[in-house]
Amino acid sequence: LTAAAPIAVDGGTRGAVVLEQSADQLLGLRDRAITRLFDLTLLATAAAVFVMFGFATWISLRIGRLRDAADTAVSSDGKIRLDMPESASADEIGALSRGFQRLLARLNEHTLYLRTLGGKLSHELRTPLTIVRSSLDNLESEGLRDDQRRYVNRAREGTQRLQSILSALGAAARVEESIKQAERMNFDLRELLSSAIAAYRDGFPQAHIVLDLPPEP
């Protein structure tokens, strides 16, 4: 790199000033600038990768907590957990958590309805069952033929079974409390099976039902 300027004395050129610089120094400056730019770029890339990795880990942890909460939302005894993590967040994961909460709330309402359905049905069916029983009592008080009495007895057995079903529905509505408070006892299963088979034989005379019981209880 060279620069020159003339030296004028009394209107004439007497000489010149010449400055020269080697190109090696410029190349050194360029190399140092490129090296610094490369270092800054590498540092910025590493920082961006580190930030993205940390952000991905944070998102993964939040999704993992939400997944674990969804897996354990319904306990073994049928109780539904309504609170979900990340529900207060304003991002998409928070929206997903709130969606889970709304779904679990509707499911909980349906489950509560099913739990009380047995008691409601039991209450609603007791009145017509009482009417059927009183009608059978009135028929028996007026006197019946043998064939009519057989049908009345079957109808009475049917009302007794309905009463047992209603009692079972009422107990099913309180099954958890009943199981906790009930005392365990041993009984002969043969009697229960014999009674059930006899009822099925009366209800389905066209079917051939065989019961094979052991001699011991």
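Everything numeric in this text was worked out from a predicted model, so none of it was measured.

Here we look at the pattern of salt bridges
- Inspection of the entire model under this criterion finds five salt bridges.
- A salt bridge links Arg30 to Asp31; the shortest N-O distance between them is 3.4 Å.
- In this structure Arg30 comes out as partly exposed when scored by relative accessible area, which is 46%.
- The shortest N-O distance in the salt bridge between Asp137 and Arg156 comes to 2.7 Å. Pair noted here: Asp137 is in helix α2 (residues 92-141) and Arg156 is in helix α3 (residues 146-173), with a separation of 19 residues, a long-range link.

A short note on the packing of aromatic side chains
- Scanning all chains against the criterion turns up two aromatic pairs.
- Ring centres of Phe55 and Trp58 lie 5.9 Å apart, and the angle between their planes is 50°; this geometry places the pair in the tilted category. On the criterion of helical spacing, the pair formed by Phe55 and Trp58 is a turn pair, its members being three residues apart in helix α1 (residues 23-71).
- Since its relative accessible area comes to 46%, Phe55 is described here as partly exposed.
- Trp58 sits in the partly exposed class, given a relative accessible area of 44%.
- A cation sits over an aromatic face here: Arg62 above Trp58, 4.6 Å from the ring centre.

Structural notes on the side chain of Thr159
- Among the secondary structure elements, Thr159 is positioned in helix α3.
- Of the residues examined, Thr159 reaches a relative accessible area of 4% and is grouped as buried.
- Excluding residues within four positions of it along the chain, Thr159 makes contact with Leu129, Val132, Arg133 and Leu136.

Overview of the nonpolar core
- In this structure, Leu66, Ala69, Ala73, Ile80, Met84, Ile93 and Leu104 together form the largest nonpolar core, which totals seven residues.
- Only α1 and α2 provide two or more residues apiece to this core.
- Non-local contacts of Leu66, meaning those with residues more than four positions away in its chain, are made with Met84, Pro85, Ile93, Leu96, Ser97 and Phe100.

Brief notes about α1
- Under the 1.5 Å per step criterion, the end-to-end length of α1 is 71 Å for 49 residues, consistent within 8% with the ideal 72 Å.
- Among the residues of α1, Arg62, Gly64, Leu66 and Ala69 are the ones counted as buried.

Re the confidence of the model for the chain
- Looking at the chain as a whole, the pLDDT averages 83, with 94% of positions reaching at least 70.
- For the chain, the element scoring lowest by mean pLDDT is helix α4 (residues 175-181), at 65; strand β1 (residues 2-9) scores highest, at 90.

What counts as what
- Residues numbered from 1 in each chain as written.
- Predicted model: local features only at pLDDT ≥ 70, side-chain atom pairs only at ≥ 80, totals over all residues.
- Heavy atoms only, no water.
- Salt bridge = Lys/Arg side-chain N within 4 Å of Asp/Glu carboxyl O.
- Buried < 20%, exposed > 50% of the residue type's maximum accessible area, 1.4 Å probe, protein only.
- Helix = DSSP H or I, 4+ residues; strand = E, 2+ residues; numbered from the N terminus.
- Phe/Tyr/Trp six-rings, centres within 6.5 Å; stacked < 30°, edge-to-face > 60°.
- Lys NZ or Arg CZ within 6 Å of the ring centre and 35° of its normal.
- Contact = heavy atoms within 4.5 Å.
- Core = buried A, V, L, I, M, F, W, Y, C linked by side-chain atoms within 4.5 Å.
- Expected span 1.5 Å × (residues − 1).
- pLDDT = per-residue confidence, 0-100.

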